[in-house]
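Below are the chains, spelled out letter by letter.
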Amino acid sequence: MPPKKRAIPYKKRKSVSLYHHHQLQESMSDDESSTGSVEENVAEEEIEAITDLSNSDVCTKYQEASKIVNLALTGLISQCIPGAQILDLCNFGTTIINTQAMKLYQKKVNGVAVERGVAFPVCVSVNDVICNHSPLGSEEVEPLKAGDIVKIDLGCHIDGYISVAAHTLIVPESPDSPPTSISDEMGNVAVAAYNAMLVAAASIKAGATNTQVTDIVTKVASSYGVNSIFSVRMHQMKRFVIDGVKEVALRHPTADDLEAGEEKLDECTFEQAEVYAVDVAMSTGDGKPRPGVLRTTVFKRNVEANYKLKMKNSRSLLAQVDKKFPTLPFTLAQFEDERGAKMGVTECIAHGLLTPYPVLHEAKDANVAHFKCTVLLLPSGTARVTGLDMPEYFKTDKKPEEDIQQMLDEIAAAAAKKAKKKAAKKKKKKAASS
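Scope of this entry: the structure provided in the associated data block. Model, not experiment: these values are computed from the prediction.

**Here's the deal with the side chain of Ser-283**
Alright, step 1. Locating Ser-283 in the fold gives a position in strand E8 (residues 275-283).
Alright, step 2. With residues near it in sequence (within four places) discarded, Ser-283 still touches Val-189, Val-226, Asn-227, Ile-229, Glu-362, Ala-366, Asn-367 and Val-368.

**Here we look at the packing of helix H3 (residues 56-79) against helix H4 (residues 86-102)**
Alright, step 1. Contact geometry for H3 and H4: axes closest at 9 Å, N-to-C directions at 150 degrees. In terms of orientation, H3 and H4 fall into the roughly antiparallel class. The element H3 and its partner H4 pack so that their crossing is right-handed. Contacts from Ile-68, Leu-71, Ala-72, Gly-75, Leu-76 and Gln-79 in H3 reach Leu-89, Phe-92, Gly-93, Ile-96, Ile-97, Gln-100 and Ala-101 in H4.

**Topic: the packing of aromatic side chains**
Alright, step 1. By the definition in use, this model includes nine aromatic pairs.
Alright, step 2. Where Tyr-62 meets Tyr-161, the ring centres are 5.3 Å apart and the plane angle is 65 degrees; that geometry is what we call edge-to-face. You can see Tyr-62 sitting in helix H3 and its partner Tyr-161 sitting in strand E4 (residues 161-170), a full 99 residues away along the chain.
Alright, step 3. For Tyr-62, a relative accessible area of 2% translates into the label buried.
Alright, step 4. Residue Tyr-161 is classed as buried on the basis of its relative accessible area of 2%.
Alright, step 5. Arg-251 extends its terminal NZ or CZ atom over the ring of Phe-230, reaching a point 3.7 Å from the ring centre.

**So, the sheet that holds strand E10 (residues 330-331)**
Strands belonging to one sheet form pairs held by backbone hydrogen bonds; the direction of such a pair is parallel or antiparallel.
Alright, step 1. Strand order in the open sheet made by the three strands is E10-E9-E11, with antiparallel pairing throughout. Each end of this open sheet is capped by a strand with a single partner; those strands are E10 and strand E11 (354-357).
Alright, step 2. In this structure, strand E9 (residues 298-301) lies alongside E11, joined through four bridges in antiparallel fashion. Across the sheet, Arg-301 pairs through a bridge with Leu-354, a residue of E11.
Alright, step 3. Sitting on the sheet, helix H8 (residues 312-324) is in contact with E9, E10 and E11, with an inclination near 75 degrees to E9.

**A look at the state of the cysteines**
Alright, step 1. Evaluation of the coordinates by the stated rule reveals zero disulfides.
Alright, step 2. With no disulfide partner, Cys-80 has as its closest neighbouring cysteine sulfur the one in Cys-90, 9.7 Å distant.
Alright, step 3. The closest cysteine sulfur to the non-disulfide-bonded Cys-123 is located on Cys-90, 6.4 Å from its own sulfur.
Alright, step 4. Judged by its relative accessible area of 0%, Cys-123 is buried.

**Some remarks on the nonpolar core**
Alright, step 1. Judged by nonpolar contacts, the single largest core of 49 residues is most densely connected at Met-234, Val-278 and Met-282.
Alright, step 2. Listed by contribution, the elements that provide at least two residues to this core are strand E2 (129-131), helix H5 (184-203), helix H6 (210-224), E8, strand E13 (368-378) and helix H10 (402-433).
Alright, step 3. One finds Ala-84, Ile-86, Val-150 and Ile-152 within the second-largest nonpolar core, a separate group that totals 28 residues.

**Regarding the packing of H5 against H6**
Alright, step 1. Where H5 contacts H6, the two axes come as close as 9 Å, and the packing angle between them is 160 degrees. What the angle tells us is that H5 and H6 run roughly antiparallel. Our pair here, H5 against H6, has a crossing hand that is right-handed. From H5, Asn-188, Val-191, Ala-192, Asn-195, Ala-196, Val-199, Ala-200 and Ser-203 reach across to H6, where they touch Val-213, Ile-216, Val-217, Val-220 and Tyr-224.
Alright, step 2. Per-class residue counts for the contact of H5 with H6 are 10 nonpolar, three polar and no charged.

**Description of the environment of Ala-193**
Alright, step 1. Along the chain, Ala-193 turns up in helix H5.
Alright, step 2. Among the residues examined, Ala-193 registers a relative accessible area of 0% and is labelled buried.
Alright, step 3. Sequence separation between Ala-193 and Lys-372 is 179 residues, and the spatial gap between their C-alpha atoms is 9.2 Å.
Alright, step 4. Once residues lying within four places of it in the same chain are set aside, the contact partners of Ala-193 are Val-280, Met-282, Ala-369 and Phe-371.

**Re a positive patch on the surface**
Alright, step 1. Taken together, the side chains of Arg-384, Lys-418, Lys-422, Lys-426 and Lys-430 present a region of like positive charge at the surface.
Alright, step 2. Ranked by residue count, the leading element in the positive patch is H10, at four residues.
Alright, step 3. Relative to the assigned elements, Lys-426 resides in helix H10.

**Looking at the side chain of Asp-159**
Alright, step 1. Mapping Asp-159 onto the fold places it in the loop between strand E3 (149-158) and E4.
Alright, step 2. In this structure Asp-159 comes out as buried when scored by relative accessible area, which is 12%.
Alright, step 3. At a separation of 2.7 Å, a polar atom in the side chain of Asp-159 contacts the side chain of Lys-61.
Alright, step 4. Within the structure, Asp-159 has its side chain in polar contact with the side chain of Arg-239 (distance 2.8 Å).
Alright, step 5. Among residues more than four places away in sequence, those in contact with Asp-159 are Lys-61, Val-114, Glu-115, Arg-116, Arg-239 and Phe-240.

**Here's the deal with the environment of Ile-204**
Alright, step 1. Structurally, Ile-204 is set in the loop between H5 and H6.
Alright, step 2. Its relative accessible area of 0% is what places Ile-204 among the buried residues.
Alright, step 3. Taking the C-alpha atoms as reference points, Ile-204 and Gly-381, 177 residues apart in sequence, are found 9.7 Å from one another.
Alright, step 4. When sequence neighbours within four positions are dropped, the list of residues in contact with Ile-204 reads Val-213, Met-234, Phe-270, Tyr-276, Val-278, Leu-377 and Thr-382.

Analysis parameters
- Sequence order as written defines the numbering, with residues in each chain counted from 1.
- Under the rules for a predicted model, residues below a pLDDT of 70 receive no local features and side-chain atom pairs below 80 are neither given nor counted, while totals for whole chains, interfaces and linings still include all residues.
- Excluded from the side-chain calculations are hydrogens and water; all other atoms, namely the structure's heavy atoms, are used.
- What counts as a helix is a DSSP run of H or I of at least four residues, what counts as a strand is a run of E of at least two, and both are numbered from the N terminus.
- Residues count as neighbours in contact if any of their non-hydrogen atoms are within 4.5 Å of one another.
- Interaxial angle, 0 to 180 degrees, is taken between N-to-C directions of lines fitted to C-alpha atoms, where a helix line uses only the stretch in contact.
- With respect to orientation, any angle under 35 degrees is reported as roughly parallel, any angle over 145 as roughly antiparallel, any angle of 65 to 115 as roughly perpendicular, and every other angle as oblique.
- Each crossing is labelled by how the near helix is turned from the far one, with a counterclockwise turn of less than a right angle marking it left-handed and a clockwise turn marking it right-handed.
- For Phe, Tyr and Trp, rings pair up if their centres lie within 6.5 Å, where Trp contributes its six-membered ring, and each pair is then called stacked (planes under 30 degrees apart), edge-to-face (over 60) or tilted (otherwise).
- Any residue under 20% of the maximum accessible area for its type is buried, any over 50% is exposed, and the rest in between are partly exposed; the area is computed with a 1.4 Å probe on protein chains only.
- In this scheme, the term charge over a ring applies when either NZ of a lysine or CZ of an arginine sits within 6 Å of the ring centre and within 35 degrees of the ring normal.
- One requirement defines pairing of two strands: DSSP has to find at least two bridges between them.
- Cysteine sulfur pairs qualify as disulfides if the two atoms are within 2.5 Å.
- By convention a nonpolar core is built from buried Ala, Val, Leu, Ile, Met, Phe, Trp, Tyr and Cys residues, the set being connected through side-chain atoms within 4.5 Å.
- For this scheme, ten residues count as nonpolar: Ala, Val, Leu, Ile, Met, Phe, Trp, Tyr, Cys and Pro. Four count as charged, namely Asp, Glu, Lys and Arg, and the remainder, Gly too, count as polar.
- Patch criteria: residues need more than 30% relative accessible area and no salt bridge. Like-charged residues are merged within 9 Å; nonpolar side chains of Val, Leu, Ile, Met, Phe, Trp and Tyr are merged within 5 Å.
- Using a 1.4 Å probe, the Shrake-Rupley method yields the accessible areas, and only the shown protein chains count as cover for residues.
- The term salt bridge refers to a pairing of a side-chain nitrogen on Lys or Arg with a carboxyl oxygen on Asp or Glu at a separation within 4 Å.
- Positive charges come from Lys and Arg alone, negative charges from Asp and Glu alone, with His and the N- and C-terminal ends not counted.
- To locate a charge, take atom NZ for lysine, CZ for arginine, CG for aspartate or CD for glutamate.
- N or O atoms within 3.5 Å of each other form a polar contact, as long as, within protein, one can give a hydrogen and the other can take it, and as long as residues adjacent in sequence are counted only when both atoms are side-chain atoms.

Laid out in structure tokens, this is it:
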């Protein structure tokens, strides 16, 4: 989940073919400067075309990253049992993502390896902790126990094309039995967050606006008697950009919120071939995150900022970040010299070189649910490519408003039709091979 204060997004990496490079050079003579300008514009347009969903290869990369995200989530859920260590879970998820990603696109392009792997560090946040908790090896964190509310958040990218997801579960008494004695409040907030994610994902389509999506999410939260988390936002994603310019708030700020410094988002319109992280976190509390005792370990490089650092540890850390994590979020746990990284990060933050993703907390007695999926705005419609089904043990007696229920019914019918078609295809393939 991105930090409340959004960093300026990463500028698109540009790569012009040798053909265009030579043409641009030849056209930059004094008497043909206008032609050079035209050539450059053409090159820029072609660069844009190959980095969005209008390119089938780009679609494939998003889909492959999505498969890995769902696989990692599924694996992590199976490991959330009493006694499990959060650090081990984070490492387990990271290993799945990197191992699976490295199996793909192994052939170099123009002599350069295709970048792939973790796009957002695996975070495991428990109970009142909302998000962004990825502990360091030197920190003592209580192991999971039965009844804990666990929120898993992670992301994968293939060649900079990012897929993300988040999921909420309850730790069972044992791996073979589902959780029991789940409170009505927990059921309400889990169903609300999941349904809000579903209707928000369906509402993000070409021609719609972020304000319309916020209205729908607000209506869902109200129906279930819960509150959306203030600082959580949905973001457009582009190549190597996890938190793009277009954003969707989970609720509209009140006059008091604005006076307290909350930002009101400008209205934006969704367009075909865009990609969005549909991020929903809700709480039975007031929905206003607060600081806690857990250390912030997740950061992202602010590529627009430069400063001559004074401390050796700071310079060393920044040099490694620029080399290994120039655009996407990372965790300090990924550095061999953890102590040096902890010492160096303070100066980097102070001068705006790194943007922190703080560990967000709710009130101790609040129940929190977090679900996230990735959607692709394709010509055929909006496709939800990440995210798992909500656990069946989350139940509620509350009902959404009629228009929301109709949307949920349509989403369920479409999912059932897709599953039936997939099963038939699998059966046909099996019959052909036998």
